[in-house]
Each structure stands twice: as C-alpha cells, then as structure tokens.
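Listed below are the residues making up each chain.
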Amino acid sequence: MAEAPSQDTTNLKYSIHKYSTFSANYAPENILEDKPNDQASRWSSDSNNPPQFLILKLERPAVLKTITFGKYEKVHVCNIKKFRVYGGLSDDNMVLLLESGLKNDTVPETFLLKHTVSGHQFPVRYVKIVPLQSWGSTFNFSIWHVSLGGCEDWNIVQKCINWYTTYREREAIRLCLKHFRQHNYTEAFESLEKRTRVTLEDPRLTKLHKLLVEQGDFDGCEKLISEAARDGLFQQYISQQEYKPQWTPIIPSPTGTRQQPGMRGGHQMCIDTNTQTIYLFGGWDGNQDLSDLWSYQVMSQEWTCISRDTHAKGGPSARSCHKMCLDPERRQIFTLGRYLDSGLRVPENLKSDFYMYDIENNKWTQITEDTAALGGPRLIFDHQMVMDVENRIIYVFGGRVLTPSRWEGCVGGLGLDERRNNTYTPSEAIFSGLYSYHVATNTWTKLRDDDCAGNGTGPQDIKSRIGHSMLFHSGTRQLFILAGQRNKEYLTDFFTYNIDSDTVTYISDGSGKDSASVPAAGFTQKATIDPQLNEIHVLSLRVDLRARYSTGSHKGLSKDKEKREENVRNSFWVYDISQNKWSCIYRNEQTGETYWNKMQHVEPCPRYAHQLVYDDTKKVHYLFGGNPGKTYLPKMRLDDFWSLRLCRPSTEQLFQTCVLLIRKHRFSELARSNSVEALKYLQTELYSAVDHGNPSQVQDFQALATTLFQSPEDCNMTHTPLLPSEDDPSLKSEGSSDLGWVHSSRSQLFDQLTQFVPEHMTQPRGNLVDLIPY
C-alpha cells in the first residue's frame, strides 16, 4: 500500500554497498540520481535469475520509515512488478520490511516500511532490495531511482539501538530458557532465570506449565484455563480466526400477517440498528418499476407495508436503480436517482428529483425537483450514496448520467431486457463525479469531476464508474471505494477518499499483481462496513468472463442471446483495514439448476440486482430479492429473504477445545498404565467433553478406544526421550522411557494450549535448535 511520508521523515543519504549483477552501463550507482528523462539512468541486472539484489548502506544508522521508487518517463518492460525490501544493522542479518509491487507507469511510488517491533522503533544501517518479477516476464530487472526516508536524529536513533540490542539479548535468553525447560534441564533453567531476571512468559502460563508438565494436575489445568477464558485471554486469538458464513432463510412469522414484499430486483434497502428495522423501497419486478415502501421488524420477524404507492403520498415515483441512505438519529431516509427506459428519456423526465422520508411522521418531502440545478449531480443510476450522520453530509459518487434518448441505448449492457433496442455506443457514456450534500444548508458541492479519459494517471484522479461499492468509515472519516464497471472495462481498484483532507489514497490499483488475494472482477458486489471491527465485507458474484455479459444493477443482465451462459458463482470476502488484508471466507464453485434446487434452504443462489444491509451492532447481514439470471425466464425475480452471520469460535468453544485436549492426553497416559481406568475415564469424563454435534470430534473420540488395545510402543509419539522431572510424584513408578514420553507429550500439549493466548504472553514461538544452520 503506497503511503505519503510522515512529517518527521527526512531524506536519508546512502551509498551502494553490494549488488548481484549489472549489465552494460546500467550500474547500481545510477539509482542515486533521479533522471526520469534519461533512459540510461538506472540499475539493470544482468539476468532475471534469482537472487538479484542491491544492498544500500545508509550514511549512519537511522529509523527507516519509507522507500520511494522513481520511474522512467515512459512505461517500461524492465520495471519491477514485485519486490521485497529487507533491513538490518549488518548486511548479513536483516529482517523483511516490505513485500509489494510497483505499477508500470511514470508516477513515483512511496511505501511505508516496517520500522517497529513490540511497539518500539528499531534502527537499520543496511537496506536490501530484492526484485522478484519484472513487468516483462522474460526481461531483466531495472530500478531507476531510490530515495529513503526516516529519522537519523542521533538522540532518537541511539535510544532505538540501545533498546533493540537489549531486546535481541532478552529474546536470545528466552529461547534458551524455553529450550532448557522443554528438555527438563531444571538446574540450567533456574540458574539462567535467576542470573538474568528475564521472565519466559506470563505468570499464569508458568503456573499452567507447573500444573500440567511438572505435576500432572489436569483438573487444576482446566480450572486455570477457565479463569483465563473469563479474563479474556482468548479474544485476540478469536479475532485472528477466519469467519465461517452461516446463512439462514427468514420465513415470515406464522402468527403475523405473513405479508411481504413481492419479487423484485434493483430495489433499495437500509437498516436502522437503533430500532432493529429494515426499510425496502421500489425495484423492478420483471415487468414494471415499483413504488412500494416496506419495513421489517427484526425482533418480531414481520413485514409491514407502509405505502403501496409512495408517489400518491407525495413521495418518489416508481423507480429502480436508485439509492437510499438513512439518518438513524433524526429518523430520516434520503433517496436519489433512478433508471428510465430509453423511450422515456425526454428532457422533462430527466430531472434529478431528491426526496426525504420522515419515519416518525410517515411523511415524504421533495427536497428539490432537480439536484443539478443546485450544483448537484444530474439524473443518474447505478451510483452509490452514503451518509456522515454526525455532520449530516451525504456523499454521492459515480453512476451513469441519463441523457435524451437520441443518445441512449445500452452501455455495457445497461438496457437489460431483450425487448429494448440497443443503439448506444459505449464510448459515449457520461459518468457522474463525486459530490457532497449538506443536509442542514441544502447545499451541494462537487468534490471531484470524473476523470473523463478514464486513465486515472494523477494521484488524486478518480475514475467514475457504475456497479461499484462505496462505504463510509465513521472512525477514520474516509470513503472506501471498490471495483465497478466503466463501459466494457471491469475495475478491481480499491481506494479511499479522506473527506477532511480531500485526498485520495490507492490501496490497490487493480493492476492484478494481488489478484490471488483480492475479489476478482465480476458483475455484482455488495459491500458493508463495520467501523468497530475495522472490516469491510463484500458479497461478490462472478460470471465466466468469456461470455459477453453486460451489467445493470437494476434489472439483471443483457448480452447476445446466442452467447448466454449461466456459469455464475458466489464468494464472500472480508477486508481487514488495519492489516490491509483480504480473506475469502466462502466461495461456491457449484453451478447448475439441480445443485441450487437442493441448496435452496441452505444458502441463497447466485443473483444480480439484490440488496444487502448490515447490522453492525448485532453483526448480521440481511439479503433480499434479486435477479437469478435465468435465460429461459428473463423476467423472473426473487423474493427470498436471508440473514448471514459471520461466525468465529466463541470463548466457550475454545474452552471446550482446551478441555478436550487435556482430557484426551490424560486418557492417553491412563491407557499406557491402566486400561480399566482408562476405559472408565473414556466413557465418562472424556465423553462429556466431546461436542457430539461436531462430526470430527465424534470420529476422533470413537478412534480413541483402539489405543486401549495397542502396546505402549505403538502409543508412543515420535519424540526423543527426555530426562525425567523429579517433581511429578505420579511418574515415580514409571520407567525412564515412559518418563521421557510423558514429559515430552505434556510439553507438546502445553504448546497447543498456549497458542490460544496472545503471543506477547507466551514463551517464544521459535526454537533454539532452529537457529543452527545445516
């Protein structure tokens, strides 16, 4: 992720220390000067065979924070597409600071480097740049210019060096302590701990080790872990686990009226989390636009039709492809935009009306007949609209501008029914920019024009689009904008707009270098945001891109009939904003009518033009309706209603897992010495610890009985026998081989249990012997 340097960052001088190879006159020293107009002013490797590298030496140790890559004035096949940056105080001991890639363009890029460990800054003297791939896959690597930014104030750097030196020494001692304890070198462990006064881990884990490994007090272990769970020690581990999606169909309450909205696509929904109410308005039922307004009470599971025709109540006319946002504090809903058939696109119909619905008083108000007359957007559809509730500002971005029908038809398939005559040339499409609307003053402001050329070459340019997602993060006060379509181009870029500083920052340029770990280009994605969890959720629909599809979020798909395919797939992604990381938590690769008929009560079938809202207090998504895209039923729309919970292991589940691990190990020790007691323990204590609704746990439990009929040698885990501990009275009657196995297996169990608590509380994850080279 490219970053701007912080205010305390200064330019750091460096020299070329080492390099792998260079070709002709393209010496490493060329990168010291920034000459974008000089084709020869670069380092170029003599080969693209690894390892190729440059090692830079700073003039003096510094806290290195940023690296900037200059570029040639034209795109170039030798530009590096992927690279790594390492740093350290010596050239033979470096840590990874960055793994990223460069765009193949002419704009310099700045990256933020890792420069802290355990919350403290660390210094470097040497910087190693390792190219991994060039934009021309068979070409050598070229770097045109490198500048480094950081802090070289000696008062600060010296403190960092002192801290880092102490930190490394302390970690080395902790590795030794871990090694001594694992191998039961009690005297060495106690002597080193006493002499250095370095603690290996949190006192609660030391107590756990004593109970488990030294004393074999399994009941005491369960009690201690129960206390740790109550103290919240599992929470960090839980937050790092991948979600599992849980879809549930929502059926109207049998005691209610059983009325609900009819089949539709291109409708809009919003949710009031304060009152647990979902609002739904408009849409297209396959034959006509709709103007009904509904509410759904989550607690009573009941739909209520507020109005069959909002236009008759002074509200908006029937429409689809509009957008809505809600002010939960003032209980107001705002709606803007709509789609019009080409035959209706005459000047008098192309005004951009803007409405507000007062929930408390059940009253519609037309804010303006035409937002364009007040400096706002023209009549648009397939745009996005979000609200900064605290400041009462609405943001509108993108969408296609509707113009008189002599210019209109289908752009990238936006006229979605086969009955339409599509005469539109895609290059003529007009897209709307980024606007803000201040509710209190009824004032529109244009924040960004559309980058008409669609190049997005400037760092602050925004390429307008349709079918995208836009979300407002109330904590960071940023708009997150993702993907979409512009004419025939499907976009996968991802960027933020800071509403306070009026700046754009690209998280991903959509170049494809991260294609394995981001949502693929598709036709429909619905996104939600959770500011508390700092997460973005994306439900993405992907269609086989070999087919010539065209999208329109209001009514479905349109393409040449002879080229229709129904190869559609659902996937669900989570973006961790803090970690800048995408995770695909669900991907359905199944297709076909038979499969989806079987799964209709398990998960929603792939669809277009549906709506998804998110309750960030209860952590539940709600999905309604859409177009299933059936070629033989082009007017078919859906009226199914679903909830989606993203589930992670609970504290109770983790505690149950720990108890099960402890009791399985206790059983394995009993099985080696007293098979009768072991069988009794298996049928009682171990049986009660199993989650009998978990097939995997049940299968493992059933397999445990077989260990009663194995010899001790067959039960042995593959461990090197360790010296016995003299502190465990339960082991005194066992042979030395069993003593070694018990200590080793208990130590392994201890390691398993401590993986659930934060790393800063545990012994080092690494092992001392791993530092020994082959």
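Basis of the calculations
Residues numbered from 1 in each chain as written. Predicted model: local features only at pLDDT ≥ 70, side-chain atom pairs only at ≥ 80, totals over all residues. Heavy atoms only, no water. Helix = DSSP H or I, 4+ residues; strand = E, 2+ residues; numbered from the N terminus. Buried < 20%, exposed > 50% of the residue type's maximum accessible area, 1.4 Å probe, protein only. Contact = heavy atoms within 4.5 Å. Areas by Shrake-Rupley, 256 points an atom, 1.4 Å probe, with all protein chains shown as cover. Pairing = 2+ DSSP bridges. Axes fitted to C-alpha atoms, helices over the stretch in contact; angles between N-to-C directions. Polar contact = N/O pair within 3.5 Å; in protein donor to acceptor, adjacent residues only side chain to side chain. Salt bridge = Lys/Arg side-chain N within 4 Å of Asp/Glu carboxyl O. Core = buried A, V, L, I, M, F, W, Y, C linked by side-chain atoms within 4.5 Å. Parallel < 35°, antiparallel > 145°, perpendicular 65-115°, else oblique. Left-handed = near helix turned anticlockwise from the far one by under 90°. Nonpolar A, V, L, I, M, F, W, Y, C, P; charged D, E, K, R; others polar. Expected span 1.5 Å × (residues − 1). Phe/Tyr/Trp six-rings, centres within 6.5 Å; stacked < 30°, edge-to-face > 60°. Lys NZ or Arg CZ within 6 Å of the ring centre and 35° of its normal. pLDDT = per-residue confidence, 0-100.

### What about the overall build of the protein?
Check the secondary structure of the protein and you find 11 helices and 40 strands. The burial tally for the protein puts 52% of its 774 residues in the buried class. Once local pairs closer than 6 in sequence are excluded, the contacts in the protein between residues at least 24 apart make up 64%. Summed over all atoms, the accessible surface of the protein reaches about 36,200 Å², with 48% contributed by carbon and sulfur.

### A few points about the pairing of strand E17 (residues 302-307)
The pairing of strand E16 (residues 289-297) with E17 spans 5 bridges and is classified as antiparallel. Bridging from a neighbouring strand, Trp294 pairs with Cys305 of E17. Joining the antiparallel neighbours E16 and E17 is a turn of 4 residues, in which Gln301 adopts a positive phi near 55 degrees.

### Describing unusual backbone geometry
Along the chain, Pro50 connects to Pro51 via a cis peptide bond; the corresponding omega equals 0 degrees. Structurally, the position occupied by Pro51 is in the loop between strand E3 (43-44) and strand E4 (54-70). One non-glycine residue, Asn487, lies in the positive phi region at around 55 degrees.

### Some details on the sheet that holds strand E13 (residues 244-249)
Whether parallel or antiparallel, the strands of a sheet pair through hydrogen bonds between backbone atoms. If you trace the 4 strands from one edge of the open sheet to the other, you get E13-E40-E39-E38, paired in antiparallel fashion. Of all the strands in the sheet, the pair left with one neighbour each is E13 and strand E38 (611-615). Averaged over all pairs of adjacent strands, the angle between strand axes in this sheet comes to 25 degrees, irrespective of strand direction. Where strand E39 (residues 620-626) lies against strand E40 (residues 638-647), 6 bridges are found, and the strand directions are antiparallel.

### Quick look at the sheet that holds strand E20 (residues 354-358)
Spatially, 4 strands are ordered E18-E19-E20-E21 in an open sheet, and the strand pairing comes out antiparallel. Taken across any chain shown, the strands that pair with only one partner, and hence form the sheet edges, are strand E18 (323-327) and strand E21 (363-368). Recorded for the sheet is a direction-independent mean angle of 25 degrees between the axes of neighbouring strands. The sheet contact formed by E18 and strand E19 (residues 332-336) spans 5 bridges and is antiparallel. Counterpart to Leu326 in the pairing with E19 is Ile333.

### Notes on the environment of Glu535
Mapped onto the elements, Glu535 comes out in strand E33 (residues 535-543). Distance in space between the C-alpha atoms of Glu535 and Asn580 is 9.8 Å, their sequence separation being 45 residues. Contacts of Glu535, omitting those with residues within four sequence positions, involve Tyr243, Thr528, Ile529, Asp530, Val574, Tyr575, Ile577 and Arg648. At 3.2 Å, the side chain of Glu535 and the side chain of His537 are in polar contact.

### Comments concerning the pattern of salt bridges
All chains considered together, the criterion is met by 34 salt bridges. For Arg663, the salt bridge is made with Glu222, and the minimal N-O distance between the two is 2.8 Å. One end of the pair, Arg663, is in helix H7 (residues 651-673); the other, Glu222, is in helix H4 (residues 218-230), and 441 residues separate them in sequence. With a shortest N-O distance of 3.5 Å, Glu535 and Arg648 are connected by a salt bridge. With Glu535 in strand E33 and Arg648 in the loop between E40 and H7, the pair connects residues that are 113 residues apart, well separated along the chain. Since its relative accessible area comes to 23%, Arg648 is described here as partly exposed. When salt bridges with common partners are traced through the structure, they connect Glu59, Arg60 and Glu152 into a single cluster.

### Comments concerning the nonpolar core
One finds Ile31, Leu56, Ile67, Phe69, Ile143, Val146 and Leu148 to be the most contacted residues of the largest nonpolar core, which totals 32 residues. Among the elements of the structure, strand E2 (14-19), E4, strand E5 (80-90), strand E6 (93-100), strand E10 (124-134), strand E12 (145-151) and helix H1 (154-182) are those that each provide at least two residues to this core. Per-element accounting of this core gives the leading share, 7 residues, to E4. Beyond its immediate chain neighbours, meaning those up to four positions away, Ile31 contacts Tyr14, Ile16, Trp43, Leu54, Leu56, Ile143, Trp144, His145 and Val146. Leu208, Phe218, Ala229 and Ile238 belong to the second-largest nonpolar core, a separate cluster that totals 25 residues.

### Structural notes on the packing of helix H8 (residues 675-689) against helix H9 (residues 695-704)
Each pair of packed helices can be described by the angle between their axes along with the distance between the axes. Remark: H8 packs on H9, axes separated minimally by 11 Å, with the N-to-C direction vectors making an angle of 165 degrees. For the element pair H8 / H9, the angle class is roughly antiparallel. Where H8 crosses over H9, the handedness of that crossing is right-handed. Contacts between H8 and H9 involve Leu682, Leu686, Tyr687 and Ala689 from the former and Gln697, Phe701 and Leu704 from the latter. For the contact of H8 with H9, the per-class residue count stands at 6 nonpolar, 1 polar and no charged.

### Examining the environment of Val198
Here Val198 lies in the loop between helix H2 (186-196) and helix H3 (203-214). Sequence separation between Val198 and Glu171 is 27 residues, and the spatial gap between their C-alpha atoms is 9.2 Å. Those residues in contact with Val198 that lie beyond four places of it in its chain are Arg170, Ile173, Arg174, Leu177 and Glu193.

### Re H3
An ideal rise of 1.5 Å per residue puts 16 Å on 12 residues; H3 measures up with 15 Å between its terminal C-alpha atoms. Listed as buried for H3 are Leu205, Leu208, His209, Leu211, Leu212 and Val213. Near the N-terminus of H3, the side chain that reaches the backbone nitrogen of Arg204, with its oxygen 2.9 Å away, is that of Asp202. Just past H3, the residue Gly216 takes up positive phi, approximately 65 degrees.

### Thoughts on the packing of aromatic side chains
For the structure shown, the criterion picks out 36 aromatic pairs. A ring pair is formed by Tyr19 and Phe22, whose centres lie 5.6 Å apart and whose planes are at 70 degrees; its orientation type is edge-to-face. Judged by centre distance (4.9 Å) and plane angle (40 degrees), the ring pair of Tyr575 and Trp582 falls under tilted. Through a chain of ring-to-ring contacts, the aromatic side chains of Trp294, Tyr296, Trp303, Tyr622, Phe624 and Phe641 assemble into a single cluster. Positioned above the aromatic ring of Tyr243 is the side chain of Arg648, whose terminal nitrogen or guanidinium carbon lies 3.8 Å from the ring centre.

### Quick word on the side chain of Thr110
Structurally, Thr110 can be placed in strand E7 (residues 109-112). At 2.8 Å, the side chain of Thr110 forms a polar contact with the side chain of Thr68.

### Examining the confidence of the model for the protein
When pLDDT is averaged across the protein, the result is 86; 84% of the residues are at 70 or more. Scored below 50 in pLDDT, residues 716-735 shows 34 contacts in the model against residues more than four places distant or in partner chains.

### Let's talk about the environment of Val386
Inspection of the secondary structure assignment puts Val386 in strand E23 (residues 384-388). Taking the C-alpha atoms as reference points, Val386 and Lys323, separated by 63 residues in sequence, lie 9.0 Å from one another. Leave out the neighbours within four places in its chain, and Val386 touches Ile393, Ile394, Tyr395, Met470, Leu471, Phe472 and Leu479.

### Here we look at the packing of H4 against H7
Orientation of H4 relative to H7, taken along the N-to-C sense of each, is 170 degrees, at an axis distance of 10 Å. Relative to H7, the element H4 is oriented roughly antiparallel. You can see that H4 and H7 cross each other, and the crossing is right-handed. For the pair H4 and H7, the contacting residues are Phe218, Asp219, Cys221, Glu222, Ile225, Ser226 and Ala229 in the first and Thr651, Phe655, Cys658, Val659, Ile662, Arg663, His665, Arg666 and Glu669 in the second. Broken down by class, the residue content of the contact of H4 with H7 amounts to 8 nonpolar, 3 polar and 5 charged.

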